[in-house]
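Survey of secondary and tertiary structure
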Amino acid sequence: MCRQVLVTMITMSVVAPVLAQEATTPAGRGELLLTRNCARCHAVGPTGASSHPAAPPFRTLSRKYKIEGLAEALAEGLSTGHPDMPEFVFAPEDVGAIIDYLQSIQQQ
């Protein structure tokens, strides 16, 4: 148990300053929000696979959606017919940050 706590403390001492620095830009804040809320199932970065088979990687969303068009859904309640995805509602200032980040990672 003590070892696990020590590893967690060391990891946070390295990761927290990086996350704080990245969160100073809108896109950085968007990345942080998506990592905290969505990374459990979705690949939220420019690489990697989603851990949930039905969860698309966020870098491919523009293949199906206009990224700007997601703003309303993010602000009013993002939900899906998928039974195990929770509903998310983001504050207006967070929506802009998320859209900025999503636009920055899109692959064609």
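Here's a quick rundown of the structure. Small disclaimer: the values here were computed from a predicted structure and weren't measured.

1. Structural notes on the overall build of the chain
- Scanning the chain from N- to C-terminus turns up 4 helices and 0 strands.
- In the chain, the succession of helices and strands from N to C terminus is α-α-α-α.
- Within the chain, contacts between residues separated by at least 24 positions form 52% of all contacts whose residues are at least 6 apart in sequence.
- Entry remark: accessible area of the chain is about 7,100 Å², with carbon and sulfur atoms responsible for 61%.

2. Digging into the packing of helix α2 (residues 26–38) against helix α4 (residues 92–105)
- With their axes 7 Å apart at the nearest point, α2 and α4 run at an angle of 95 degrees to one another. Classified by the angle their axes make, α2 and α4 are roughly perpendicular. From α2, Pro26, Ala27, Arg29, Gly30, Glu31, Leu33 and Leu34 reach across to α4, where they touch Glu93, Asp94, Ala97, Ile98, Asp100, Tyr101 and Leu102.
- The residue inventory of the contact of α2 with α4, partitioned by class, reads 8 nonpolar, 1 polar and 5 charged.

3. Thoughts on the packing of aromatic side chains
- All told, the structure shown has 1 aromatic pair when counted by the stated rule.
- When the ring of Phe88 is compared with that of Phe90, the centres are 6.0 Å apart and the planes differ by 15 degrees; the resulting orientation is stacked.

How each quantity is defined
Residues numbered from 1 in each chain as written. Predicted model: local features only at pLDDT ≥ 70, side-chain atom pairs only at ≥ 80, totals over all residues. Heavy atoms only, no water. Helix = DSSP H or I, 4+ residues; strand = E, 2+ residues; numbered from the N terminus. Contact = heavy atoms within 4.5 Å. Areas by Shrake-Rupley, 256 points an atom, 1.4 Å probe, with all protein chains shown as cover. Axes fitted to C-alpha atoms, helices over the stretch in contact; angles between N-to-C directions. Parallel < 35°, antiparallel > 145°, perpendicular 65-115°, else oblique. Nonpolar A, V, L, I, M, F, W, Y, C, P; charged D, E, K, R; others polar. Phe/Tyr/Trp six-rings, centres within 6.5 Å; stacked < 30°, edge-to-face > 60°.

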